[in-house]
Amino acid sequence: MIELQNVSKSYARGRVKAVDDLSLRVERGEIFGFIGPNGAGKTTTIKMITGILLPDAGSISIGGADMLAEPVRAKKMIGYVPDSHDVFDRLKGIEYLNFIGDVYGVRADERAALIEKYLTMFDIKDAAGELIRSYSHGMKQKLALTGALIHKPPLWILDEPLTGLDPKSALALKEEMRAHCREGNTVFFSTHILEVAERLCDRIGIIYQGRLAAVGTMESLRSGGGSDATLEQIFFELTE
């Protein structure tokens, strides 16, 4: 579903290499966790996968569509939630969701059903008619998640999606992620909550200093150490 081949990205006129010759393949039907220390290149990688940033070198394809050659086709397959919670504060919640539905051409009946589903799931239905600028941090996160999912994209790309969510909403989102992948779709998400990644993900990639330090199932990640090693222990061994 996602394929990166020898992708690199630098800042400060090439002096700072954020992502360095990264190659990665994420399959359909899997939840893929992407973890690393702050500044390791996680968000830069995610922004390149979603087409927000262009790589300096290498190629990225989504569902067989090259992000550079067919950006619209590739982006239509993606539901993206950034870590910044950037939404239109002067719109009401329902206006924002209808705007997103219009952008992706979601039919009115299907849109209404999905908006109802997610607003109820995340317990913000009563706030849908209020201006977004009145929302709390957590409410904005829930609205951003709803907006990313209402066009039923096959690929969810979620950058720190659990930040700001109450326990009930976090559990609901994790269950939705599992259900999404059971239908043959894909979830790619970053998180600092290593226990969640360990329990939830089919495979995990650890990025450090712009390069993949390790990638695989928990079983394969443990192969270099103890059979009962936690993801936290593996993470610190690879990134210290």
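Described in the following lines is the structure provided in the data block. Bear in mind the structure is a predicted one, so any value in this text is a computation, not a measurement. (Residues numbered from 1 in each chain as written. Predicted model: local features only at pLDDT ≥ 70, side-chain atom pairs only at ≥ 80, totals over all residues. Heavy atoms only, no water.)

## Examining the side chain of Thr-239
Relative to the helices and strands, Thr-239 is located in helix 9 (residues 231-239). A residue is classified by how much of its surface remains accessible, and Thr-239, at 9% relative accessible area, is buried. There is a polar contact of 2.7 Å between the side chain of Thr-239 and the backbone oxygen of Phe-235. (Helix = DSSP H or I, 4+ residues; strand = E, 2+ residues; numbered from the N terminus. Buried < 20%, exposed > 50% of the residue type's maximum accessible area, 1.4 Å probe, protein only. Polar contact = N/O pair within 3.5 Å; in protein donor to acceptor, adjacent residues only side chain to side chain.)

## Comments concerning the sheet that holds strand 1 (residues 2-11)
With antiparallel pairing, the four strands of this open sheet are ordered in space as 2-1-4-5. Both outer strands of the open sheet, strand 2 (16-26) and strand 5 (65-66), are each paired with one neighbouring strand and no more. Where strand 1 lies against strand 4 (residues 57-62), five bridges are found, and the strand directions are antiparallel. In the strand pairing of strand 4, Ser-8 is matched with Ala-57. The strands touched by helix 1 (residues 42-49) within the sheet are strand 1, strand 2 and strand 4, with strand 1 carrying the most contacts at an inclination of about 120°. (Pairing = 2+ DSSP bridges. Contact = heavy atoms within 4.5 Å. Axes fitted to C-alpha atoms, helices over the stretch in contact; angles between N-to-C directions.)

## Some thoughts on the packing of aromatic side chains
Under the counting rule described, the total for this entry stands at six aromatic pairs. Judged by centre distance (5.5 Å) and plane angle (15°), the rings of Phe-32 and Phe-188 are stacked. Of this pair, Phe-32 sits in strand 3 (residues 31-35) while Phe-188 sits in strand 8 (residues 186-190); the two residues are 156 residues apart in sequence, bridging distant segments of the chain. Each of the two residues, Phe-32 as well as Phe-188, counts as buried. Taking the centre distance of 6.3 Å and the plane angle of 20° together, the rings of Tyr-118 and Phe-122 count as stacked. The same class applies to Tyr-118 as to Phe-122, namely buried. A network of ring pairs unites the aromatic residues Phe-32, Phe-34 and Phe-188 as a single cluster. (Phe/Tyr/Trp six-rings, centres within 6.5 Å; stacked < 30°, edge-to-face > 60°.)

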